[in-house]
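Observations on chain architecture
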2 protein chains.
Amino acid sequence: MTAHPGKPVTGAYHGPVSACVPSHPNRRAVDGDLGWDLGIVFRAHAKAARAALGDVPGGPRGFQVLVAACAEQHGSQAAIARTLGIDRTVMTYLLDDLEAADLVRRIPDPNDRRARRLTVTPAGHQLLAELERRMAALEAELLVGLPDGERTALLAGLRRMAARLEAIDPVHDRCDLAEAVDP
Amino acid sequence: MTAHPGKPVTGAYHGPVSACVPSHPNRRAVDGDLGWDLGIVFRAHAKAARAALGDVPGGPRGFQVLVAACAEQHGSQAAIARTLGIDRTVMTYLLDDLEAADLVRRIPDPNDRRARRLTVTPAGHQLLAELERRMAALEAELLVGLPDGERTALLAGLRRMAARLEAIDPVHDRCDLAEAVDP
DNA sequence: TATTGTTATACTCTATAACTATA
DNA sequence: TATAGTTATAGAGTATAACAATA
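The following paragraphs examine the structure supplied in this document. (Residues numbered from 1 in each chain as written. Chains lettered and ligands numbered in written order. Predicted model: local features only at pLDDT ≥ 70, side-chain atom pairs only at ≥ 80, totals over all residues. Heavy atoms only, no water.)

Next up on the list: unusual backbone geometry. Residues and elements named next belong to chain A. One non-glycine residue, H74, adopts positive backbone phi at about 65 degrees. Counting through the fold element by element, H74 comes out in the loop between α2 (60-71) and α3 (77-84). Judged by relative accessible area, H74 falls into the partly exposed class, the value being 38%. (Helix = DSSP H or I, 4+ residues; strand = E, 2+ residues; numbered from the N terminus. Buried < 20%, exposed > 50% of the residue type's maximum accessible area, 1.4 Å probe, protein only.)

The structure is reproduced here in structure tokens:
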């Protein structure tokens, strides 16, 4: 079972840009305080996801690994770790638990005896289907209250933004944006 | 100076809803994988913010406290901690550093001898102005590439969503959404 | 020499509880 | 009894470096 990590993104933070704070009188409502709203929405999603995936071995990251292992059939640990932007040492702990729960299996790569290919077990596929239902429900629940038009606009905007950010600087080391910000 | 916290939200995580992974062939592009995109955008902002606010005593949270203390003039530590959703023990460490840097001051509340009111020093105000410039630049930089229409739609959608989530369950303990998600 | 996967260690942040002093 | 603020302790999570096996 190991002692390892599991769930990242613990909790609070992120910053209001305007000189005031949400629900405060002199808050600048128009400028769309990206950082603050983003933080609220992100944390709401993260918290709901943690709750919904609580029984999955590595929590949300275990789920991610499951998803990625399913998508990249027989990818190596390292490949999948890179895809997800998680450290390979963390991947080891994660897989220890996922494998112990019979959700994935590490199979020696015949072509490269250093590597191990990941396979999702039948139980893994079954759980994955269940988890995706949960996540879809969760997402729908989060978006309740947004008119259809706004909802699609929001999702489209987020997708485009995410795509651009990924293009600039894939997953892990993302350090470019800082330079653009200079006194 | 203390040993204290500082920067939360360390790094990776958050989950793709679809059975696949970004930039992977069989990814469902239309459903707008909220969790995944949200994670990318959030982390990009968080990382840029950490870099931009690196010299501020508590990092992004120090900035937040500064902002809140400025908005809620002479609010008590506890009040501001509640506003920001940070623990009062963390607030202590944060303020130790902010006060040591002469950015805020703890002034005994004459009406309640247990409480201390926070005041932003002149140096604090000056720094705050500078930081807000940086944060605005950062936000603009993040949104580059989004057509004007999409940008306002995205910000509006985020704001509405955040407002609703805040109404459901203010800042800290946000545990309702989980119930809506049931097999 | 570089890479895959593993393990061990140290460090950072957070959560909890205990304590003082007021109310 | 409850609250404001502080302090100390233990825990979860991360990052780093070192290692063995292979390329």
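The discussion continues.
Attention shifts here to the packing of helix α6 (residues 148-168) of chain A against helix α5 (residues 122-143) of chain B. Closest axis-to-axis distance for the α6(A)/α5(B) pair is 9 Å, and the angle between their directions is 95 degrees. Comparing the axis directions of α6(A) and α5(B) gives the class roughly perpendicular. The residues of α5(B) that touch α6(A), namely those facing A:M161, A:R164 and A:L165, are B:E141, B:L142 and B:L143. Class assignment for the residues of the contact of α6(A) with α5(B) results in 4 nonpolar, no polar and 2 charged. (Axes fitted to C-alpha atoms, helices over the stretch in contact; angles between N-to-C directions. Parallel < 35°, antiparallel > 145°, perpendicular 65-115°, else oblique. Contact = heavy atoms within 4.5 Å. Nonpolar A, V, L, I, M, F, W, Y, C, P; charged D, E, K, R; others polar.)

It is worth spelling out α5(B) at this point. For α5(B), spanning 22 residues, the distance from its first C-alpha to its last is 32 Å, which sits close to the expected 32 Å at 1.5 Å a residue. The set of residues buried in α5(B) consists of B:G124, B:L128, B:E130, B:L131, B:E132, B:R134, B:M135, B:L138, B:E139, B:L142 and B:L143. (Expected span 1.5 Å × (residues − 1).)

Another point: the pattern of salt bridges. All told, the structure shown has 22 salt bridges over all chains when counted by the stated rule. Measuring nitrogen to oxygen at the nearest pair gives 3.2 Å for the salt bridge that ties B:D55 to B:R134. On the criterion of sequence distance, the pair formed by B:D55 in the loop between α1 (34-52) and α2 (60-71) and B:R134 in helix α5 is long-range, its members being 79 residues apart. Linking B:R117 and B:D109 is a salt bridge whose minimum nitrogen-to-oxygen distance equals 3.1 Å. Via salt bridges that share partners, A:D55, A:E130, A:R133 and A:R134 belong to a single interconnected network. (Salt bridge = Lys/Arg side-chain N within 4 Å of Asp/Glu carboxyl O.)

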